[in-house]
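# Report on the structure
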Amino acid sequence: MKKAVIALSALLVVAIVVIAFLLGRQSSKPEAPASTENVAEETLEAEDKDNKEATTEAAKGASTVANGDVAYTVSGSWESNGMTATQVNAIVYNYKTSDVNNWKVEIDVPSGSKLEQSWNGTFDLKGSKLTVTAVDYNGTIAAGGSVDFGFILDTKGDFKPENTLLALGDESITVKGLGGNNEAPDDDDDDDELADSDDEDDVEDSKKIVLNEKDPVKVHGELSVKGTKIVDEKGDPYQLKGVSTHGIAWFPEYVNKDAFKSLKENYNVNMIRLAMYSDPNAGYTEDMHKKVKEGVKYASELGMYVIIDWHILNDNNPNTDDNIKRAKKFFKEMSKAYEDYDNVLYEICNEPNGGTTWENDIKPYAKKIIKVIRENDDDAIIIIGTPTWSQDVDVVAKSPLKGKNLIYALHFYAATHKDDLRNKAVTAIDSGLPLFISEFSICDASGSGGIDKASAKEWFKLIKKYDLSCATWSLCNKDETASLLKPTCKKTGDFKDSDLTTQGKWILSQYSKY
Ligand code: IDC
């Protein structure tokens, strides 16, 4: 009897120890959604030390989960030469408490796949293995940190990167599932890698964010340039949050009222930029003037501001005889038509390039075109392009034009243009030059390649800090990273989140945060 009691008690103790051990295991494992959130925030706030520490803390607690992970998001797929092209963004996480100095990812892919584009990694596709290793700038992953890379792969049929072997330092980790080992698989192909719940903190408390104004032009009236800022009729700083069309000769279908209306109502967009390439090789004919006028009509009916953009690009120099002749005719016609409109702005040369200089080419050109516009419209805002694809604002700041309501274009593509260009912008503003970001995106300057979130966030800090107005490139579904619409979106209006590319969604969501 006594023996039986002792045996039973011993069994009970063992059972309790086992249960306690199992419970302990459970609680030391970070809950999937919480850990995912931490990690996503951490990637976006690379500079945020607190966040980084929090993630490291989570990693420390996660002694029973792997020391690293790879999470993928599929940001779009479309037909490409009889195959299916899939754009994949990947984040490699280091959950260790120490930095790792090298990483390698091997992804199972269908044989016969073709790598179309890739970024932030060194890629090697052999048979049914795609191997990705670091490039010179992302070989080290800090403790609790992450790096990202991306690619576009052409496959026969659909593709999802679900089987991965991750080498993190000397450790090998098997990763199953699109969202990685720590994440519930997400079928929604709208990734939320760029989801940004903490960004509200960036907005100054004193600023009141007005969302989706019904008729911005009625409320803010005619805009003007005061010091380095755009102000509204009451003299308060006012920011235009715009969307640029692609070239209206190539994508005329997006110049319609439903398209503009949904941008205004769903995404706080208060301005449309109508990009008309000035080069006959890029679709320019005088017939295009009608399309511009259509666009101005829709924007005006919706109470939105509108930029008429003479889109100098591969035609380099706005000041050649041919270009200036066409430009004069165009701006004469436009300024006559809109002399009484409060909502029309003129952008007279998108991006001079090819060695054109401020003193010899752009400044003389601007003087001639400003004169043409001012003969009809004496106060509309005129945006003036700057040398080197609208980047050399520091050069212009040394000898700006005289005249009222003149503002200078600064264009950025966040994955190409970083601190250097941001510094130029600050130098120019500090010396009193008003700037207008009349075109930007968060990919590279080709309009494709990967996006750079960290740089994009720095740009938005600048936009908020200096009350800059901006317009994002571009409203179309062309198969390139800068497009706001997914290649599979065939709609031409009534746009919702599900129609937007990941980056399009992120960019437009910024407009409701300041
Ligand atoms: C690009 C378009 C691309 C088109 C090309 C024509 O995105 O589809 O084939 O023009 O040359 C700019 C220009 C803008 C460019 C864009 C991306 O203002 O016209 O559009 N970009 O390259 N400046 C920097 C980048």
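Residues numbered from 1 in each chain as written. Predicted model: local features only at pLDDT ≥ 70, side-chain atom pairs only at ≥ 80, totals over all residues. Heavy atoms only, no water.

Moving on, we get to the sheet that holds strand β3 (residues 103-108). Taken in spatial order, the five strands of this open sheet run β5-β6-β3-β8-β9, and their pairing is antiparallel. Edge strands, defined here as strands with exactly one partner in the open sheet, are β5 (122-126) and β9 (171-176). Averaged over all pairs of adjacent strands, the angle between their axes in this sheet comes to 15 degrees, without regard to strand direction. (Pairing = 2+ DSSP bridges. Helix = DSSP H or I, 4+ residues; strand = E, 2+ residues; numbered from the N terminus. Axes fitted to C-alpha atoms, helices over the stretch in contact; angles between N-to-C directions.)

A word on the site of the ligand. By nearness alone, 15 residues border the ligand, and Y277, H311, E351, K478 and E480 come closest of all. The side chain of E439 places a nitrogen or oxygen atom 2.8 Å from an oxygen atom of the ligand. At 2.6 Å, a side-chain N or O of K478 approaches an oxygen atom of the ligand. In the complex, 83% of the free accessible area of the ligand, which totals 500 Å², lies under the protein chains. (Near = heavy atom within 4 Å. Polar contact = N/O pair within 3.5 Å; in protein donor to acceptor, adjacent residues only side chain to side chain. Areas by Shrake-Rupley, 256 points an atom, 1.4 Å probe, with all protein chains shown as cover.)

Bringing the environment of K218 into the picture now. With respect to the helices and strands, the residue K218 is situated in helix α4 (residues 216-220). Considering only alpha carbons, one finds K218 and E233, 15 residues apart in sequence, at a separation of 10.0 Å.

Another aspect to go through is the nonpolar core. In this structure, F260, F331, I348, I384 and L435 are the most contacted members of the largest nonpolar core, which totals 93 residues. When residues in this core are grouped by element, the largest group, eight residues, is from helix α8 (residues 358-376). In this view, I384 contacts I348, W358, I362, A366, I370, L401, L406, I407, Y408 and A409; residues no more than four positions away in its chain are not counted. Counting residues in each nonpolar core, the second largest holds 25 residues, with W103, I107, F123 and F151 among its members. (Core = buried A, V, L, I, M, F, W, Y, C linked by side-chain atoms within 4.5 Å. Buried < 20%, exposed > 50% of the residue type's maximum accessible area, 1.4 Å probe, protein only. Contact = heavy atoms within 4.5 Å.)

Here α8 is 19 residues long and its end C-alpha atoms lie 26 Å apart, about the 27 Å a rise of 1.5 Å per residue gives. For α8, every residue scored as buried is listed here: W358, D361, I362, K363, Y365, A366, I369, I370, V372, I373, R374 and N376. Capping the start of α8 is the job of one residue whose side-chain oxygen sits 3.1 Å from the backbone nitrogen of N360: T357. (Expected span 1.5 Å × (residues − 1).)

For the rest of this paragraph, the subject is the packing of aromatic side chains. Remark: the centre distance and the inter-plane angle together describe each pair of aromatic rings, the angle taken between the planes. Across all of its chains, the model carries 22 aromatic pairs by this definition. Seen in terms of ring centroids, F330 and F331 are 5.0 Å apart; in terms of plane orientation they differ by 70 degrees. Their pairing is edge-to-face. Accessibility classification places F330 together with F331 in one group, the buried group. Seen in terms of ring centroids, F460 and Y514 are 6.3 Å apart; in terms of plane orientation they differ by 55 degrees. Their pairing is tilted. Note that F460 is positioned in helix α12 (residues 453-465) and Y514 in the segment after α13 (502-510), a separation of 54 residues in sequence. Grouping residues by exposure puts F460 and Y514 together as buried. Grouping aromatic residues by their ring pairs yields a cluster made of F412, F440, W459, F460, W506 and Y514. Sitting above the plane of the Y514 ring, K241 keeps its charged end 4.3 Å from the centroid. (Phe/Tyr/Trp six-rings, centres within 6.5 Å; stacked < 30°, edge-to-face > 60°. Lys NZ or Arg CZ within 6 Å of the ring centre and 35° of its normal.)

Right, let's get into the pattern of salt bridges. A complete count under the given rule lists 25 salt bridges for this structure. The residue E458 makes a salt bridge to K461 at a minimum N-O spacing of 3.2 Å. With E458 and K461 both in helix α12 and three residues apart, the pair spans about one turn of that helix. The salt bridge partner of K491 is D499, with a shortest N-O separation of 2.7 Å. Of the residues examined, K491 reaches a relative accessible area of 31% and is grouped as partly exposed. Through salt bridges with shared partners, a single ionic network connects R273, D309, E347 and E439. (Salt bridge = Lys/Arg side-chain N within 4 Å of Asp/Glu carboxyl O.)

What follows concerns the sheet that holds strand β18 (residues 435-441). A barrel is described by the order of its strands in space; here eight strands give the closed sequence β12-β13-β14-β15-β16-β17-β18-β19, paired in parallel fashion. Ignoring strand direction, the axes of neighbouring strands in this sheet form an average angle of 30 degrees. Pairing of β18 with strand β19 (residues 470-475), which is carried by two bridges, proceeds in the parallel orientation. Paired with F440 across the strands is T472, a residue of β19. Helix α6 (residues 288-301) rests against β13 (271-277), β14 (305-311) and β15 (344-347) of the sheet, and its axis sits at about 180 degrees to β13. Along the sheet face, α12 touches β17 (406-413), β18 and β19 and points at about 165 degrees away from the line of β17.

Here we come to the pairing of β15. Both faces of β15 are covered, namely the face carrying V344 and Y346 and the face carrying L345 and E347. Bridging between β14 and β15 involves four bridges; their strand directions are parallel. When the sheet's bridge partners are listed, D309 is paired in β15 with E347. Between the parallel elements β14 and β15, the chain passes through helix α7 (residues 321-337) in a crossover that is right-handed. For the crossover that starts at β15, traverses α8 and ends in the parallel strand β16 (residues 382-384), the hand is right-handed. (Right-handed = clockwise from strand over helix to strand, strands pointing away.)

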